[in-house]
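Structural overview for review
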Amino acid sequence: MAALSLDDRIERYADLIVRVGANVQPGQLVDVRADVEHQDVVRAVARAAYRAGASYVDVLYRDPHIRRSMIEYADEDVLGWSPPWLLERSRNLGDVRAAILALTGDADANLLGDLPGDRVGKARPKELAEENSRQINERLNNWTVVGVPNAGWATQMFGEPDLDHLWELVGYCVRLDMDDPVEAWQEHVRTLEARARALNGLELDAVHFSGPGTDLTVGLLPESRWQGVESHTATGIPYVANMPTEEVFTTPDANRTEGRVRSTRPLALFGRIVTGLEMRFESGRIVEVTAEEGADVIEGELSTDDRAPYLGEVSLVDGTSRVGKTGMTFFDTLFDENVTCHIAYGFAYPERVEGGKDVAPDDRRAKGFNYSVVHTDFMIGGPEVEVVGVTAGGDEIPIIQEDEWQLT
C-alpha cells in the first residue's frame, strides 16, 4: 500500500468493493449511498461497476450537516418521517434487485454531540427503515457496507488529518495490502465458514460472556445457525455484506438474554460518541442503561419501537482480527465491531434461523427472534472477556479465552 499513489489505492479499493463486496453482476443496476466527503471513492466505484458490466449506476449523496439541522430545528414528528419519494426509490431498488453499496466514514463522528440525545436517537425514517429490513429479509439485493477514509475521520482517530495513515490502516483491514486481495478474501471466507460449521456442530443452547462488568448469558434458539462472512441473495448471488468483517454471528432467542454487560469500546452512533456503556437484561429485554456519555442517545433509540430493546444478533471475534491487530479505535462501528465480540439490539437476521426467512415479520416474536427497525451493534469482548458455549444439557465449552479461538 505504501508504494501506491492515493489514486491507485482508491481504484484498487473500488475494484474490491465491486467484485468482492457487492459482487456486481453484468446488467445489474447499482445504487451507491455516500456522504458528500466520499466523492472520490464514489467516482471510482462507478467506474469499477461499469467495468463489471453494470447497466446503470445511481448515487444518493447525504450531507450530515443537513441532518443536524433537522434534529436541531424540525418538529418532533419529522424525526421519524420517511419522504415518500425516497420510500418509492427504495421499493424500486428492491423490485429490480439492484446491487447496493453503502459508504461510511464520518467526517465528524461527534457532529451531533451538543444536541439532545433523545432527539438524536429518534431521528430515523421508520417506514424507510422497515422497507430496507423487508428487502434484507427477502434477500432481494446483493449489498455491502464499506468505510471511506477522509480527513475528518483521520482527525477523530489521530488528532490530525493524517489521511495517508488512515488509508494504510483501512487497506490493511480490508486486505488491500495482499498481492491478490480477491484471493485473500476467498481464503478469509473459508476460514470463517469453518468456524461457523464448528459452532453449528455444537448445537449450543446459549453463549455466556464473563469479564470485568460483564456476566451475560445470551440464549439461542434450537434453529439458530451460525454464519461466516459470505451471504447469498434469494437468486444465489454471493456477496460480502461488510468490509472489513472478522465475525461469525447468529440470531439469538430474543427472550432469553439475562445479566449485565459492559461495552469494551466507544460506540459512534448518529453523530455522537457513547462511552462507558453498560446494560442490564431481564427476560431478553434491556431494562437498564447507563453510560459515562451518551446514555440518552441509546435510550432515545430504544424507544423507537417496542422490540428495539431486545437482542437481534450475537457475534464472535477473536484476536486474529486484522482490525484488532491495528490496536486502534476507529470510531466507526463497521470497523470497531470487527475488533472483538459484539451484540446488537433490534432487528434480527431471519436467514440465521432455520426456516426464518419464510416467517412474516409480525410472526417472528412468537418464533423467538426479533423484529425492529433498529439494529445497533456494540462491542463487549476483549482479552479479559471469556466466551463459553453452553449446551442444553449444561455442558460448558470454551470458545474464546484470552482472545484466542478455542475450537478446532
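A brief structural summary. No experiment lies behind these values; they were computed from the predicted model shown. (Residues numbered from 1 in each chain as written. Predicted model: local features only at pLDDT ≥ 70, side-chain atom pairs only at ≥ 80, totals over all residues. Heavy atoms only, no water.)

**Here we look at the overall build of the protein**
To keep it simple, the criterion reads: Numbered from the N terminus, helices here are DSSP runs of H or I no shorter than four residues, and strands are runs of E no shorter than two. In this analysis, two residues are considered to be in contact whenever any of their non-hydrogen atoms come within 4.5 Å of each other. Values of accessible area rely on a 1.4 Å probe in the Shrake-Rupley scheme; residue burial ignores everything except the protein chains shown. Counting rule applied: Lys, Arg positive; Asp, Glu negative; His and chain ends not counted. To locate a charge, take NZ of a lysine, CZ of an arginine, CG of an aspartate or CD of a glutamate.
Tallying secondary structure elements over the protein gives 13 helices and 21 strands in all. Across its three principal axes, the protein shows a C-alpha extent of roughly 55 × 50 × 45 Å. By sequence separation, contacts in the protein at least 24 residues apart represent 77% of the contacts at least 6 residues apart. A total of about 16,500 Å² of accessible surface is found on the protein, and carbon and sulfur atoms cover 48% of it. With 39 positive and 71 negative side-chain charges, the protein shows a spacing of 4 Å between the two charge centroids.

**Quick notes on a negative patch on the surface**
Quick reminder of the rule: To count toward a patch, a residue needs a relative accessible area above 30% and no salt bridge. Like charges then connect within 9 Å, nonpolar side chains (Val, Leu, Ile, Met, Phe, Trp, Tyr) within 5 Å. Just to be clear on terms, a salt bridge is a Lys or Arg side-chain nitrogen sitting within 4 Å of an Asp or Glu carboxyl oxygen. Working definition: with a 1.4 Å probe on protein chains only, accessible area under 20% of the residue-type maximum means buried, over 50% means exposed, and in between means partly exposed.
Residues Glu37, Asp63, Asp106 and Asp108 make up a contiguous surface patch of negative charge. Judged by relative accessible area, which is 30%, Asp106 ranks as partly exposed.

**Remarks on the pairing of strand 14 (residues 278-282)**
Each regular strand displays side chains that alternate between the two surfaces of the sheet. Rule in force here: Should DSSP find at least two bridges between two strands, the strands are regarded as paired.
For strand 11 (residues 252-262) and strand 14, the ladder comprises four bridges, and the chain directions are antiparallel. Directly across from Val261, in strand 14, lies its bridge partner Met279. Bridging between strand 14 and strand 15 (residues 285-290) involves five bridges; their strand directions are antiparallel. Looking at the pairing, Glu278 lines up with Thr290 of strand 15. From the end of strand 14 to the start of strand 15, which pair antiparallel, there are two residues, and Ser283 there has a positive phi angle of about 50 degrees.

**Topic: helix 4 (residues 84-95)**
The criterion, for reference: Multiplying one less than the number of residues by 1.5 Å gives the expected span of a helix. Each C-beta atom gives one direction from the helix axis, and the arc is the one those directions make.
Relative to the 16 Å expected for 12 residues at 1.5 Å per residue, helix 4 spans 16 Å between its end C-alpha atoms, a close match to the ideal helical length. Listing the buried residues of helix 4 in full gives Leu87, Arg89, Ser90, Leu93 and Gly94. One side of helix 4 holds all its buried residues, which, seen down the axis, span an arc of 160 degrees. Turned more than 90 degrees from where helix 4 packs its buried face, Trp85 and Asp95 sit exposed. The secondary structure elements touched by the buried residues of helix 4 are strand 1 (29-35), strand 2 (56-62) and helix 6 (126-138).

**Focus on the side chain of Thr391**
Inspection of the secondary structure assignment puts Thr391 in strand 19 (residues 386-391). When neighbours within four sequence positions are excluded, Thr391 is seen to be in contact with Leu202, Leu204, Asp205 and Ile397.

**Re the side chain of Asp336**
Which entries qualify depends on this criterion: Pairing of N or O atoms within 3.5 Å defines a polar contact, subject to two protein rules: one partner must be a possible hydrogen donor and the other a possible acceptor, and residues neighboring in sequence count only if both atoms are side-chain atoms.
Relative to the helices and strands, Asp336 resides in helix 12 (residues 333-336). Of the side chains with opposite charge, Arg265 comes closest to the buried, unpaired Asp336, at an N-O distance of 4.2 Å. There is a polar contact of 2.9 Å between the side chain of Asp336 and the backbone nitrogen of Phe331. In contact with Asp336, not counting residues within four places along its chain, are Arg265, Pro266, Met328, Thr329, Phe330, Phe331 and Met379.

**Observations regarding the packing of helix 1 (residues 6-21) against helix 2 (residues 39-51)**
The condition is simple: Here an axis means a line fitted to C-alpha atoms, over the contact stretch when the element is a helix, while the angle between two N-to-C directions is reported on a 0 to 180 degree scale. Roughly parallel here means an angle under 35 degrees, roughly antiparallel means over 145, roughly perpendicular means 65 to 115, and every remaining angle is called oblique. What makes a crossing left-handed is the near helix being turned counterclockwise from the far one by less than a right angle; a clockwise turn instead makes it right-handed. By the convention adopted, Pro, Cys, Tyr, Trp, Phe, Met, Ile, Leu, Val and Ala count as nonpolar, Lys, Arg, Asp and Glu as charged, and the other residues, Gly among them, as polar.
Remark: helix 1 packs on helix 2, axes separated minimally by 8 Å, with the N-to-C direction vectors making an angle of 55 degrees. As summarised for this structure, helix 1 and helix 2 are arranged oblique, according to the angle between their axes. Both helix 1 and helix 2 take part in a crossing whose hand is right-handed. Contacts between helix 1 and helix 2 involve Ile10, Glu11, Ala14, Asp15, Ile17 and Val18 on the former and, on the latter, Asp40, Val41, Ala44, Val45, Arg47, Ala48, Ala49 and Arg51. A per-class count over the contact of helix 1 with helix 2 returns nine nonpolar, no polar and five charged.

**Here's the deal with the pattern of salt bridges**
Once the charged atoms of two side chains with opposite charge are near each other, the side chains can pair. Considering all chains together, one arrives at 31 salt bridges under this definition. Arg51 is the partner of Glu11 in a salt bridge, and the nearest nitrogen-oxygen pair spans 3.8 Å. Within this pair, whereas Glu11 is found in helix 1, its partner Arg51 is found in helix 2, the two being separated by 40 residues in sequence. Taking the shortest distance from any N to any O, the salt bridge between Arg33 and Asp31 comes out at 2.6 Å. Judged by its relative accessible area of 18%, Arg33 falls in the buried class. Accessibility expressed as a relative area gives 0% for Asp31, which makes it buried. One network of salt bridges, with partners in common, ties together Arg260, Arg262, Glu278, Arg280, Glu282 and Glu288.

**Focus on unusual backbone geometry**
The residue after Met243, namely Pro244, is reached through a cis peptide bond having omega 10 degrees. Along the chain, Pro244 turns up in the loop between strand 9 (242-243) and strand 10 (248-250). One non-glycine residue, Phe331, adopts positive backbone phi at about 55 degrees. Position of Phe331 relative to the elements: it lies in the loop between helix 11 (322-325) and helix 12. The buried category is assigned to Phe331, whose relative accessible area is 18%.

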